[in-house]
Amino acid sequence: MTKHVVVIGGGVTGAAIAYDLAQRGARVTLLERGSIGSGTSGRTHGLLHSGCRYVKDVDVARECYLENVTLRRIAPFLFEKNGGLFVAIDESDLKYKDFFLKKCEEAGIPVKELDRNEALRLEPNLNPELKAAVLVPDGTFDPLKVLLSFLASAKLHGADIRPFSEVVGFRIESGAIKAVRVLDKTSEREYELEADYVVNATGAWANKVARLAGLSVPVKPSPGVMVALNARIGHRVFNRLNKPGDGDIIIHQRGTSVIGTTSWVVEDPDTVTIPREHVELMLKRGTELAPIVAKLKVKATFVSSRPLVGAVQASTGREVSRSFAIIDHAREGVENFASIIGGKFTTARLMAEKMADFVAERIGITQPCRTADTPLAPYWSYFT
Ligand SMILES: Cc1cc2nc3c(=O)[nH]c(=O)nc-3n(C[C@H](O)[C@H](O)[C@H](O)COP(=O)(O)OP(=O)(O)OC[C@H]3O[C@@H](n4cnc5c(N)ncnc54)[C@H](O)[C@@H]3O)c2cc1C
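Residues numbered from 1 in each chain as written. Predicted model: local features only at pLDDT ≥ 70, side-chain atom pairs only at ≥ 80, totals over all residues. Heavy atoms only, no water.

## A closer look at helix α5 (residues 143–156)
Between the first and last C-alpha of α5 there are 20 Å, a value that for 14 residues agrees with the 20 Å anticipated at 1.5 Å per step. Counting buried positions along α5 gives ten out of 14 residues, so the element sits mostly inside the fold. Phi for Gly158, located one or two positions after α5, is positive at around 95°. (Helix = DSSP H or I, 4+ residues; strand = E, 2+ residues; numbered from the N terminus. Expected span 1.5 Å × (residues − 1). Buried < 20%, exposed > 50% of the residue type's maximum accessible area, 1.4 Å probe, protein only.)

## Remarks on the pattern of salt bridges
Tallied over the entire structure, the rule returns 31 salt bridges. The salt bridge partner of Arg254 is Asp142, with a shortest N-O separation of 3.0 Å. Within this pair, whereas Arg254 is found in the loop between β16 (249–253) and β17 (256–260), its partner Asp142 is found in the loop between β8 (139–141) and α5, the two being separated by 112 residues in sequence. On the basis of relative accessible area, Arg254 is assigned to the exposed category, the value being 60%. For Asp142, a relative accessible area of 18% puts it in the buried group. As a salt-bridge pair, Lys284 and Glu288 come within 3.7 Å of each other at their nearest N and O atoms. Remark: Glu288 and Lys284 occur in helix α7 (residues 276–289); sequence separation between them is four residues, near one turn of the helix. On the accessibility criterion, Lys284 (52% relative accessible area) is exposed. (Salt bridge = Lys/Arg side-chain N within 4 Å of Asp/Glu carboxyl O.)

## Quick word on the pairing of strand β15 (residues 237–240)
Every second residue of β15 is oriented toward a common face, with Val237 and Asn239 on one face and Phe238 and Arg240 on the other, all of them buried. Two strands pair when backbone bridges link them, and strand β5 (residues 84–88) and β15 are joined in this way by four bridges, in the parallel orientation. In the strand pairing of β15, Leu85 is matched with Phe238. (Pairing = 2+ DSSP bridges.)

## Quick word on the site of the ligand
Around the ligand, 37 residues are found, and the nearest of them are Thr13, Glu32, Ser41, Leu47 and Thr346. Interatomic distance of 3.2 Å between a backbone N/O atom of Gly39 and an oxygen atom of the ligand. For the ligand, the accessible surface in isolation is 1000 Å², of which the surrounding protein chains cover 96%. Broken down by secondary-structure element, the contributors of at least two residues to the shell around the ligand are α1 (12–23), β10 (165–173), β14 (219–229) and β18 (298–309). Ranked by residue count, the leading element in the shell around the ligand is β18, at four residues. Residue composition of the shell around the ligand, by class: eleven nonpolar, 21 polar and five charged. Each of two domains, domain 1 (4–41 + 144–218 + 310–383) and domain 2 (47–141 + 220–307), supplies a minimum of three residues to the shell around the ligand. (Near = heavy atom within 4 Å. Polar contact = N/O pair within 3.5 Å; in protein donor to acceptor, adjacent residues only side chain to side chain. Areas by Shrake-Rupley, 256 points an atom, 1.4 Å probe, with all protein chains shown as cover. Nonpolar A, V, L, I, M, F, W, Y, C, P; charged D, E, K, R; others polar. Domains from an automatic or database assignment.)

## Overview of the packing of aromatic side chains
A complete count under the given rule lists nine aromatic pairs for this structure. With 6.2 Å between their ring centres and 50° between their planes, Tyr19 and Phe150 make a pair best called tilted. Of the two residues, Tyr19 is situated in helix α1 and Phe150 in helix α5; the sequence distance between them amounts to 131 residues. With 4.8 Å between their ring centres and 35° between their planes, Phe86 and Phe100 make a pair best called tilted. On the criterion of sequence distance, the pair formed by Phe86 in strand β5 and Phe100 in helix α3 (residues 91–107) is long-range, its members being 14 residues apart. (Phe/Tyr/Trp six-rings, centres within 6.5 Å; stacked < 30°, edge-to-face > 60°.)

## A word on the sheet that holds β16
Spatially, the eight strands line up as an open sheet ordered β6-β7-β5-β15-β16-β17-β14-β18, and their pairing is mixed. Among the strands making up the open sheet, the edge pair consists of β6 (112–114) and β18. Taking each pair of neighbouring strands and ignoring which way they run, the sheet shows an average axis angle of 25°. Contacts from α3 reach β5, β6, β7 (132–136) and β15 within the one sheet, and its direction differs from that of β7 by about 35°. The strands touched by α7 are β5, β14, β15, β16, β17 and β18; relative to β14, the strand with the most contacts, the crossing angle is about 60°. (Axes fitted to C-alpha atoms, helices over the stretch in contact; angles between N-to-C directions. Contact = heavy atoms within 4.5 Å.)

Okay, here's the thing in structure tokens:
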């Protein structure tokens, strides 16, 4: 009598949900319209947030830091323990420092102030004019490897992972989804997949998918541009010591350093292009953090869209956390359907725990979440 849950979306959120539900004993099928990670998850900076970037909201910062620690514990092979530096370049940055340190302490994030010489000894490519530096527990990851580890773990518990499988409709009868209509893009064949429960984890596309069922999701796709340089200029993540803004972060991965990012809002994440002036802004702001940027060439530019939570009305019974939201479509007449939006790559495991708690209660699964304490399968086992 195992219940069948269909998870739509093969980004990190869908992958973590598929794993959590499969581990609790559900029969899970994950559908992804492209290759694994072809949405936003495959195109992030790859920053394992320490939470310091979000200290304005202490609860969100603490949530990030705790997930950072959890992920390093369950999959130490996926994360570089390189740490990060928040550096003040001008007087406005310097004014932010006391607030920053106070909030980090409130959030329980261990940070350490360094003097200028020590910061430059650790990272010689930082701006030599820097006025203050704080060492934080940031990390770096390869997004695809993390995704594959979640999916390999899901497969170990019997989940069926189907890339190149686009959801193109739903068969709804008596207020419940009976089947999901799927286009298999490898054979151009359409088929129906019966489901007891359906989770929409399509991030910036969540409203487009919900519309196929005549519903809506308050997601605001918010693209950001990233610029990869033709050299690696540091080890620790470089952050500007100030409120989050454009071009205030440089992350080093293998042979490249990536400057990010910008932020605007669009209606349709499928029509996003890279504005040239955003690339120029990244290079200008990146040069302020590390003057060597001006001497390097651009290796690649890329863009992806955050699945930001838009205005959510309490009266519709939507369950909202400050960083992500679960939307129960039962309130709008489709009882076995929920969407999840918002969050960050770093907090996907936690989002999945909350979503799986929600689904488990509705389909009668009593197994608790164990993903915070179970080691993740190695990413390469996804292919074996
Ligand atoms: C520029 C930028 C930089 C970022 N950097 C970081 C960072 O460094 N660290 C961090 O923690 N977070 C970062 N984030 C946030 C993080 O990347 C996202 O929050 C996260 O990847 C969202 O994952 P997701 O699984 O919800 O969405 P996605 O990864 O977008 O997954 C949704 C999937 O649904 C699929 N889909 C859509 N429609 C259908 C359909 N009809 N049928 C089947 N599948 C469908 C899409 O193809 C997509 O793969 C960044 C975000 C942006 C925009």
